[in-house]
Amino acid sequence: DAGVIQSPRHEVTEMGQEVTLRCKPISGHNSLFWYRQTMMRGLELLIYFNNNVPIDDSGMPEDRFSAKMPNASFSTLKIQPSEPRDSAVYFCASNNPGSKNIQYFGAGTRLSVL
Amino acid sequence: SQKIEQNSEALNIQEGKTATLTCNYTNYSPAYLQWYRQDPGRGPVFLLLIRENEKEKRKERLKVTFDTTLKQSLFHITASQPADSATYLCALDNYGQNFVFGPGTRLSVLP
């Protein structure tokens, strides 16, 4: 298995632009998580889906952030409009409900908003 | 509010010694506690999981203890090697609800 696949690996954009991050979970996993990691705040859970349905989005910082999971093999995290304080590494993770919530992470997308 | 602390931001030890990392939490009743390793430029990788009713878990050179009374987990790496240098994160899980990561401890094993 290729593991969790995220794209792009790096994104540099200007303030005000729309940014879309993509994630393909491990096949057969039915939960998907989006995290943001910064030096100041560590690894924060933004939102998670179970069977493509958003279950908890309380970590989404504000309305500029949105996430979708149109099918079991694809999810997006969108920031519109982006701001410099959104600069961080964004991780996607998936898990199998039979695995005691062990999370399998992608390599992350490093976002820089100038 | 829930809070997770890991003993220090960085820990330096000599090769061959045992590294001990601490994870303390408050205002949480986890069913599971997990430890992950993160290398620079990569996502966290799962290492070990321990249940609330387990005291100790081992895997090769790794050992995890879990004390729900003290609200603390200790993570040990015996016979440490430079290849063990990484950031180690603890994570609390209550049956999929409120999955929370600690801030991490950056371990450096010096040759």
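Residues numbered from 1 in each chain as written. Chains lettered and ligands numbered in written order. Predicted model: local features only at pLDDT ≥ 70, side-chain atom pairs only at ≥ 80, totals over all residues. Heavy atoms only, no water.

## Looking at the overall build of chain B
Test applied: What counts as a helix is a DSSP run of H or I of at least four residues, what counts as a strand is a run of E of at least two, and both are numbered from the N terminus. Both definitions apply: the radius of gyration is a C-alpha atom measure, and the globule rule equals 2.2 Å times residues to the power 0.38. The rule is simple: take the accessible area with a 1.4 Å probe, protein chains only, and divide by the maximum for that residue type; under 20% is buried, over 50% is exposed, in between is partly exposed. We call two residues in contact when some of their heavy atoms are within 4.5 Å. Accessibility throughout is a Shrake-Rupley quantity obtained with a 1.4 Å probe, and a residue counts as covered only by protein chains that appear here. For the purpose of charge, His is not counted, nor are the chain termini; Lys and Arg are scored as positive and Asp and Glu as negative. To locate a charge, the coordinates of NZ of Lys, CZ of Arg, CG of Asp or CD of Glu are taken.
Along the backbone of chain B there are zero helices and eleven strands. Along its sequence from the N terminus, chain B presents helices and strands in the succession β-β-β-β-β-β-β-β-β-β-β. Expected size for 111 residues packed as a compact globule is a radius of gyration near 13 Å; at 13 Å, chain B falls within 12% of this value. Seen along its three principal axes, the alpha-carbon backbone of chain B occupies a region of about 40 × 30 × 20 Å. Put simply, chain B has 111 residues, and 45% of those count as buried. Long-range pairs, those at least 24 residues apart, make up 55% of the contacts in chain B between residues at least 6 apart in sequence. For chain B, the exposed surface amounts to about 5600 Å²; the carbon and sulfur share of it is 47%. Side-chain charges of chain B comprise 13 positive and 11 negative groups, with the mean position of each set lying 2 Å from the other.

## Remarks on the overall build of chain A
A count of helical and extended segments in chain A gives zero helices and eleven strands. If you list the helices and strands of chain A from N to C, you get β-β-β-β-β-β-β-β-β-β-β. Whereas a compact globule of 114 residues would reach a radius of gyration of roughly 13 Å, chain A reaches 13 Å, a difference of no more than 12%. On the principal axes, the C-alpha backbone points of chain A span a range of 40 × 25 × 25 Å. In chain A, buried positions account for 46% of the 114 residues.

## A closer look at the sheet that holds strand β7 (residues 65-71) of chain A
Residue and element names in this part refer to chain A. Definition in use: By definition, two strands form a pair when at least two bridges between them are found by DSSP. For helices, the fitted line uses only the C-alpha atoms of the stretch in contact; every axis is such a line through C-alpha atoms, and the angle between N-to-C directions lies from 0 to 180 degrees.
Strand order across the open sheet formed by four strands is β1-β3-β8-β7, with antiparallel pairing between neighbours. Sheet topology places β1 (5-7) and β7 at the edges, where each strand pairs with a single neighbour. Taking the axes of each pair of neighbouring strands and ignoring which way they run, one obtains an average angle of 15 degrees across the sheet. Judged from the three bridges that link them, β1 and strand β3 (residues 19-24) form a sheet pairing that is antiparallel. In the strand pairing of β3, I5 is matched with K24.

## Observations concerning the interface of chain B and chain A
Note the threshold: Buried area: the accessible area, evaluated with a 1.4 Å probe, that two parts lose upon being put together, summed over both parts. A pair is scored as a salt bridge if a Lys or Arg side-chain nitrogen falls within 4 Å of a carboxyl oxygen belonging to Asp or Glu. N or O atoms within 3.5 Å of each other form a polar contact, as long as, within protein, one can give a hydrogen and the other can take it, and as long as residues adjacent in sequence are counted only when both atoms are side-chain atoms. Gly is placed with the polar residues, together with every amino acid not listed as nonpolar (Ala, Val, Leu, Ile, Met, Phe, Trp, Tyr, Cys and Pro) or charged (Asp, Glu, Lys and Arg).
Listed as interface residues are 17 residues of chain B and, on the opposing side, 14 residues of chain A. Interface area for chain B against chain A, summed over the two sides, is near 1300 Å², with a carbon-plus-sulfur share of 55%. Among the residues chain B hides against chain A, the three largest losses belong to P44, F99 and F101 of chain B. Together they make up 32% of the total. Linking chain B with chain A are zero salt bridges, by the criterion used here. Here chain B and chain A share five residue pairs in polar contact (both at pLDDT 80 or more) between them. Of all the elements in the fold, those that place two or more residues in the side of chain B that touches chain A are β4 (32-38), β5 (45-51), β9 (86-94) and β10 (97-101) of chain B. A per-element tally of the side of chain B that touches chain A places β4 of chain B first, with four residues. Looking at the side of chain B that touches chain A residue by residue, the classes come out as eight nonpolar, six polar and three charged.

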